[in-house]
Every structure is written in C-alpha cells, then in structure tokens.
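These are the residues of each chain, in order.
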Amino acid sequence: MEGSTVEDHKQKLLWNVKREVKQIMEEAVTKKFVHEDSSHIIALCTAIEACLGHLLKRRAAGFLRSDKIAALFTKVGKVYDTTADVCRKVQEQLQQQTELTRRTQSAGHEPLRRQGSSSTTISSRPPQPLSAQAVKHIWVRTALFEKVLDKIVQHIVDNSSKYYERDALMHDSVFGPILAALLVGPCALEYTKLKTSDHFWTDPSANELVQRHRIHGAHRGQDAAAGRRPALGIRKRQSSVSMSDDRFAASAREYVESLHQNSRSHLLYGKNNVLVQPKKDMEVLRGYLSLHQAGDSLTLKWTPNQLINGTLGDCDLEKSIYWDYALTVPLRQIVCIHCHQRPDCGGTLVLVSQDGIQRPPLHFPPGGHLLAFLSCLETGLLPRGQLEPPLWSQKGKGKVFPKLRKRSSTARLLDQDGEEQTAADYVFRIVYPGSRQDANHGEMMEMQGFGGSPSSWQPVEGAAPEPLCLSCSAAGSDVSFDFSAGCTCVHTSSDIHTVPLKMLCQNMKRQIVSRAFYGWLAYCRHLSTVRTHLSALVNHNIVPPDRPCEASGGLSKEVWSKYQKDCKNYKELELLRLVYYGGVQHDIRKEVWPFLLGHYKFGMGKKDMSQIDGKIGERYQQVMREWKACEVIVRQREKEMQSAIFAKLSSGSSIDSHVLRLVHRDSTLSNEVFMSVDEPDAGSQETPGGEDGGPAMTALVPPAAPPAEERPQVEFDSPDSGLPSSRNYSVTSAHSQILSSIDDGHSTEEEGGGAEEGGGGTPGGCVGPLTEGRLCSQLDKLVTGGGAAEASSPSLSSYTIELLDTVALNLHRIDKDVQRCDRNYYYFTSANLEKLRNIMCSYVWEHLEMGYVQGMCDLLAPLMVILDDECLAYSCFTQLMKRMSHNFPNGGAMDTHFANMRSLIQILDSELFELMQQNGDYTHFYFCYRWFLLDFKRELLYEDVFAVWEVIWVAPRISSQHFVLFLALALVTVYRDIIMDNNMDFTDIIKFFNEMAERHDVQRILKVARELLHRVQSLMDNK
C-alpha cells in the first residue's frame, strides 16, 4: 500500500507539470509570446520544483540550507557547465535585487505610477525589482528563460543516483525522462519583459479566473445589494490560501491601473480627496473618485487613498482591509442621484439603486466639483440616457444647476425679503428614454412621491406668478380633487392639510394593490408557460433523499450484500435512490453496473445470470468470427489496390475510376464527429470487371450488411457514433498468418505456408486479383480454426463491394481512435487495447448502418476499466448505446438537448440568458456539445466519471430522463459569477471550460444539479 501511495504521488506531481506546460503553451500560441510576469510561469516553476525536491538526498540538498533547489543547482553546477552559467546569472540578479531594494528604501515609497504608457520609452525606465514569487523561484525561472532547463533536468535524471533516493520521481526510469521531455516545449518559447498596451487586460487562464472569483466572492453575500465589483476587483485575502502571493499584488496593480485611461475604458472624470464614510462607526476616509466609460456602460469607482498613494507595501496591499471599502458602482443599477448643497462644504452626493438601497454618501470638496461631476456624468449618459431634470447651460458659466422649485403640500417657500427660494437640494433621475425599465422606474418614483416627470420641477418665471391653491396647482398630477372648476382659491386650512394626504394615501394604496394583482397574474401566466415547456423534462413524483432513510451514504457494500442474500430486503427503487443521492461504493461497482445498465434485471438469481452470460458469450464469439473473416478480405483488397496503383503508375497508364474512388475514400478517412459512413454511389452498383482491383463477384445481399440468414440476429438496438480511443491494435495470430500467406497480387506463389497454413502454395496463374477459391480456403481455416468448414462459413460471394468499402472505412476509423484512447491511464495496456478494439469492431459490425463515429471508444473505456471482462463490457456497452446513439449525428437528440437547455436557463436564470444573447448570442449552447455527446467523460477525472455516470443511469427512475441537462446547467451555474463578471462571449466560455476540464468539484456539481432538478419539480408540483 505504501508503494502504491508513492507511485500515486509521483503521478500527481507529473500531472501538475503537464497541466502547467499545456497552459503556458496555449498562452504562447494565443499571444505569440509569453510575458515574464505571467502567472503561468510561476505555476510552472512551482510544479517543477515540487518534482525536483521529491525525495532529494540530504547531502544534495545541503544540511544547513533552507533552499533545496538552490543547493541542488549549486552542486550540479560544479560538474555541469550549463548549470554553472545559470548559477552565475542568478547571483547577478540577486545582487541587483539587493541594490534596488536598498535604493528604494533610501528613497522612500513612491506612488504607483501609470504603466504601459506609449509615451514613455522602455530604455528610460529604471530596472524593476522582482516580485517575491519571482525571487522564490529564481533558479528554475532563470534556467527556463535561458532555455536550458530541459538540459539541466535531463542531466539530473542521467545522474539521479547521486542526488535522489531510490523511490524519487527523478530516479524513476519512466517519470524522469518524461519530465525532461515535457520541458523541451517551454524552453523553446520566447519570453519578454515588454508590456503591451493591453498587458493588464489579456485574457487570464481559467484557473486564475477561479482564484480571482474566490477572492472576489469572499464578501459577496453581505455586499450583494451594493452591486458587484468588476471581475478584476480585489478582495481581502481570506478564503484562498492556494493563491500565489504575486497574483494578489499583480491584481492590485491591475485594479489601480484600471482607474486611469486605458484601451478598455475612457476616464471621464477624476477627483481626489473625495470623502466617504463606509460604515457608521468609522472615520471618514479620503479617496479617489473616477467615472469610466466602456462602450455603452458607465462605472463609478472610489478607491481609498491608502491604496492609491503607495503607503502600503505589496505584502500589506493584498491583505489591506481598505479593499473592502472601495466602491465600484455600475450606473445602470442607479435610478436616483440625491445632491445636497451646503454653504460650508462642497456638496454631498447619494446614489440610490433600483432596489432602493442607498450607497455611502460622497462628500466633494468645495469649489464646484459636484457640478463638474454631474456635467461629466450627463455627457457620458448621452445619447442613450439623460439626467432628469437636465442641467442648464448659461453663457459664460457653462453647465449650472437648474433653477427649480419643488411642489410642496404647503404654501410656496418665501425668504425674509419675499423672494422665491430656489432649491438647494436636487433629486436627479437617470433615465433611458424608450426603455421599459425607464417606464417602470417612473411609476415607482411617482408612488414614492418623487414625481414621475420634469413637470414636478417647474422653472422660476421672471415675474412672480399669481398664488394658486393646492387644487389648482395639482392640475395635471395623479392626485385629483373634487373642488369645483370655478375655484376662487378660498379654502379652509383643514382642507389644505388633510385632503392631499388622504388622496395621496388612497392613490398609493390603489397602485400597490394593482401592482400586486398584476404581479400575481404575470406569475401565474409565467408558471403556466414553465409547465408547458418543462413538464416533460422531469418526473412529477418527487423522491426525497431522507425517506425512508438518509441516502447520502450511497449504495454501500453492506447494503449490497444484504440485497444479494435476499432480494426482499430492499426494493429496486430504494437501491436506485441510494445510488442517485450517494453513488456506488467503488469495490462493488463491477457487480452493480451490469444491473444499472440492464444487462441483468434486479431480482435475478445466479442461475439466470449465468445463462445470460453464456448467451452473450456465444453471440460475442460468433460476431467476432464474422467481422474478422471480413477483415481478412478487406486487408487483402487494400494490398491488391496498392499493388495495382504502383504497377499502373510505373507503366504510365491511367488508373481506372473504381480504384481512384477506393483510394479517395481511404485517403480522406476522418474521425470527426459529424463524419458518418459514406453512402454508396448510385452508379457503383454494377460488379467490377476483371481489370479492377477488387475480385469479381455477384451482389447477393444489400450493400449495407450481410443477409440475416447468414448470421444470427442480435437482440440489441443499433446505436451509432463514437469518439477517440487508445493505442494500436496488435492483430490476432491467425489473422497475421493468413495475411502473411497471401501474396499481394504480383507473386506467383504463396510465401511460407508451413504446417499452420496446410502445406505449400499454389501457383497464381496470372498477375491479377486473388482468386475466389484461394481466399475462401483461407477464410474457412480462420473461421473453423483449421477443422472442417461449417455450413455457415462466409464465402467471398457473401460480401458486396459496398459492404467491404464500408467495413474498411470503419476499421480505419476504429484503429485511428484506439491509438489515442486514454493513453495515460494505467489500465490501457496493449492487451486491454486489443480487447477494446475487438469490442468496438464487434459492435460496429452489428450496427453497420450507423458505423463508427468519433466518441464511441470514450464511452467504452470506463466500462472496460470497471468491468474488466470483454463479453460483459460488450453487452453493457450495447445497452449504453441504446441511449447514447441518439446523441450522434445520425440521431436527433442533440438538437433537443440544446433547445431544452435554452428553455431551462431562460426560465431559471434570465440574467445569464440575457448576457449570452448580448455577447454574440450563444444561446445555441454549442459549447455543451461534447458534454452531451460523451456524458461529460472528457470534462472529469476517471474516478469522477464513474460517480456521474451512475447517477445519470438511475435518474430516469428517480427524477428525470434528462438528468444530463441539469448536469450541464449545474456546470454553468457553478461558474455563473465568473461568466457574468468577465462578460464572456462564446469563444471565452469554450476556452474556459476546456481549461477547466478534469478540475471540477464533482460532488458540488451533482448537488447543484439535483437541487436545480428539484426546483423544477417543485414548480410542476405547485398547482
């Protein structure tokens, strides 16, 4: 067990290096270079150092040195010149780093400057100090930049006995050379210090996005009402210990630089020393207020001065609590702006969001800065939005506050001199004319007493107007009074004070009731629509996880043993419920999976199960004999075709059309998912003549498959399709002997027949195709194993040209995919790959009308790993393909999946659906294609694939026949905030999920999928 643990640890270390190499190579392909400050470099160096430090001898690591990598490089440098050069350059960098640090400390902390400016030349910049993480990994990092890291690692591997223990990764005869070979690619890349204009805006990796989300989402729950911080926002380092230190500092610099003018957004306004009191019990903080425009959106940011002026070091910067006080407000969420002017200060601005929550007040310094901000805001809103009421333009002064008076429930306010008093406090609305959102906000404003239009604010006339009573001044408003039209403006004081209040309350009550009623009516209509579209996606009967007992533990070995002893101990539905909520214990998967896939029926005895295994075994062996016999003919035809082509090319004569067609078919073989078996040409039904490459024969059966009378019928339905598999297939000995004994059409006698081939060869008679008699005798020996030929033995006349072409095409596709099937998984040795090919060829032979498509090997591989039985895996795979075949191009299930996904997200998460529509409209959900095609096999680790597949198989009886939809929806939901915050388009989301493959938290995804499904079931059940 201890040895197995060490091997697993070494595999994990090597896998981490493979992952980081893949990331850095993808970055190089995307950007044509890799920046030296890239987080991928730090991650790669960390993974390499973990491998180099695995079981390093104490003598090599140095007894008193804390840096083992430095000690290792120093020791290797004494005997290897390339490493010595790296050591010398590292020492120079460390000395330079020390001088820069001393110089920085003597000069004091300087403010953060804007970087990446096109006006500043690179040569004028002083050398930048290395980050803490760069210094930590400086040895491996320097060797990587000098492009000699692969050579150094290879030297260490060659002399590993000097430096490492016996069980170390570097001392391993397989893992060590693999590690050195992996580093050849990164060492061939170009690394640069040049910072492009969009250096801080390049697309981060999926791993970095997830890490940023963990930082950003630490306080999201408590600040949800205050709006989201943008994707590049920084949170206090709290929940993400796995995040490297330099990523925090880089993100901090990135956020600060985003406050300036850059390629992504325009800076409309900026003002320092704006005061904000984040919390009631806190002191007022000074900060930098900025207004940014990116496309059609405006964003308001306020950042404390402590984060701007560089008074915090990089270490303190990332941990600073001031990041919690920074504000980032998308103005699309703001409906009202309250402005308060006082003679003793510059003015205060309060933002009110759509949900009525106020943001912390912003206190401007004296000097007209509040008016300047509103002027920039009004300019930025145009042409789609505007302030209501608008700012006025005055000659010589520019924008000024409008001279407005607010309607009041009392008489007009007059100052001591009898002049009308203009408003010192203003309420501006941000409106977007023509949008439904604006209309809804207007109604809400009227309900809250703010007034729904500019008519609530009236300009001051040059001459004082005649005094009007409340009934007259309320004309045109929502409040109506019963006073007579010929009002003489004489009313009692009680009328003046009580009537407007009563009418206002009645009006608000009526609007509240009306809104509640129409909201309820809209909900009912929406629920009816939901039931219409989603009722077929779920079972209406909800099976709870806690009745009759808690099912989170899954199907354990004890429960399965009780069931096997007496089937009455547990009902079938109860076992399926345990699997659905908790999975199957790994030790019993080999026994349970045949029941889940339908190979056995629940309640069967051992005798019945043995009978089924016997029948399946006989059928499988018969199918194997059939397709192997046909394969012999296919291989011989390929030899003859190549010989005929070479002969005619050497003689200068033209090649006939039939041979050209076969060559074209073989040379354009494709494993693409949308490529299916070619249909036979309409004009190719006639039998080819003697000069063609194929043997002359009479078409006795349909071109698609042999007749039913010549082989037993199989009870399985015919699924189709497939994906890549594993390694090369080593042909069976009998097959090899047959092929080696048949000439290529140009020899006049057979090569070595020997005892196994039944004696010497017969003369060919002429140069041309193989005769029917010779080939049939070889097939008889293959089928019967050298004995007497059976009555059902196939003969050459049993196969048409079209059938042989179809078989040849599928064999080429299968062989190509078997070579690539999960090459890195321990199970797939040459012997097991041969079994995989046998199963796949047998299945395709049974379903030639579907043929092989890329993907089938991926679906078969996990079954072979668990079942480890060729016949059993064949039967279970056939059962699995009854459902999965419809996902391939010949079926129509994929389009149905996409349509159902569209309906689910549109109903359950309309905000995400709108984002998908806005960013190129990828609501077609093509990025889910691979998920549905392979039941998420490519997205998960093998151990996780087992757990997910079990739930998918039992879900039709427990919750839904379309559980894969809710798994896909759960994958999107788990990363929803990352998708929303980064405003991902179709390309971004494909790249993100490709990078996140095999990194998902499967138990969380399954939990979310079950919750989403239960949510839809509850909607159906709520009648």
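Residues numbered from 1 in each chain as written. Predicted model: local features only at pLDDT ≥ 70, side-chain atom pairs only at ≥ 80, totals over all residues. Heavy atoms only, no water.

(A) Molecular detail of the pattern of salt bridges. What the rule picks out here adds up to 26 salt bridges. Here Asp805 makes a salt bridge to Arg637, at a shortest N to O gap of 3.4 Å. Of this pair, Asp805 sits in helix α27 (residues 801-818) while Arg637 sits in helix α23 (residues 606-651), and the two are 168 residues apart along the sequence. Salt bridges sharing common partners tie together Glu631, Arg635, Glu638, Asp815 and Arg837. (Salt bridge = Lys/Arg side-chain N within 4 Å of Asp/Glu carboxyl O. Helix = DSSP H or I, 4+ residues; strand = E, 2+ residues; numbered from the N terminus.)

(B) Quick look at the packing of helix α28 (residues 830-846) against helix α30 (residues 870-884). At their nearest, the axes of α28 and α30 sit 10 Å apart, and the two run at 45 degrees to each other. Relative to α30, the element α28 lies oblique. In this structure, α28 crosses over α30, and the sense of that crossing is right-handed. Facing Lys835, Asn838, Ile839, Met840, Ser842, Tyr843 and Glu846 of α28, the residues of α30 in contact are Glu870, Ala873, Tyr874, Phe877, Thr878 and Met881. For the contact of α28 with α30, the per-class residue count stands at 7 nonpolar, 3 polar and 3 charged. (Axes fitted to C-alpha atoms, helices over the stretch in contact; angles between N-to-C directions. Parallel < 35°, antiparallel > 145°, perpendicular 65-115°, else oblique. Left-handed = near helix turned anticlockwise from the far one by under 90°. Contact = heavy atoms within 4.5 Å. Nonpolar A, V, L, I, M, F, W, Y, C, P; charged D, E, K, R; others polar.)

(C) Fine view of the packing of aromatic side chains. In this structure the tally under the stated criterion is 37 aromatic pairs. Seen in terms of ring centroids, Phe364 and Phe373 are 5.8 Å apart; in terms of plane orientation they differ by 40 degrees. Their pairing is tilted. Measuring from centroid to centroid gives 5.3 Å for Tyr827 and Phe828, while their planes differ by 90 degrees, and the two rings are edge-to-face. Residue classification places Phe828 among the buried residues on the basis of a relative accessible area of 2%. Put simply, the rings of Trp593, Tyr825, Tyr826, Tyr827, Phe828, Tyr942, Phe946, Trp949 and Trp953 touch in pairs and so form one group of aromatic residues. Here the basic side chain of Arg332 rests over the ring of Tyr432, its NZ or CZ set 3.8 Å away from the ring centre. Taking NZ or CZ as reference, Arg1010 lies 5.9 Å from the ring centre of Tyr580, over its face. (Phe/Tyr/Trp six-rings, centres within 6.5 Å; stacked < 30°, edge-to-face > 60°. Buried < 20%, exposed > 50% of the residue type's maximum accessible area, 1.4 Å probe, protein only. Lys NZ or Arg CZ within 6 Å of the ring centre and 35° of its normal.)

(D) Representation of the nonpolar core in the model. Grouped together as the largest cluster of nonpolar side chains are 143 residues, with contacts concentrated most on Leu555, Leu596, Phe927, Phe963 and Phe992. Once you skip the residues sitting within four places of it in the chain, Leu555 turns out to touch Trp560, Leu575, Leu578, Val579, Gly583, Val584, Gln585, Ile588 and Val592. In this structure, Leu13, Val21, Ile24 and Val86 belong to the second largest nonpolar core, which totals 48 residues. (Core = buried A, V, L, I, M, F, W, Y, C linked by side-chain atoms within 4.5 Å.)

(E) Examining the packing of helix α22 (residues 589-597) against helix α34 (residues 942-958) more closely. Look at α22 against α34: their axes get within 10 Å of each other, and the N-to-C directions meet at 35 degrees. Between α22 and α34 lies a crossing of left-handed hand. Packed against α22, whose contacting residues are Arg589, Trp593, Leu596 and Leu597, the element α34 presents Phe946, Ala947, Glu950, Trp953 and Val954 at the interface.

(F) A look at the sheet that holds strand β3 (residues 266-276). The strand order across the open sheet formed by 9 strands is β6-β5-β4-β3-β9-β8-β7-β14-β10, and the pairing between neighbours is antiparallel. The open sheet has two free edges, formed respectively by β6 (327-330) and β10 (386-388), since each of these has just one partner strand. Inspection of the sheet shows strand β8 (residues 348-353) paired to strand β9 (residues 362-363) by 2 bridges, in the antiparallel sense. By the bridge assignment, Leu349 is partnered in β9 with Leu362. Sitting on the sheet, helix α16 (residues 369-381) is in contact with β3, β4 (285-294), β5 (297-304), β7 (334-340), β8, β10 and β14 (425-431), with an inclination near 150 degrees to β3. (Pairing = 2+ DSSP bridges.)

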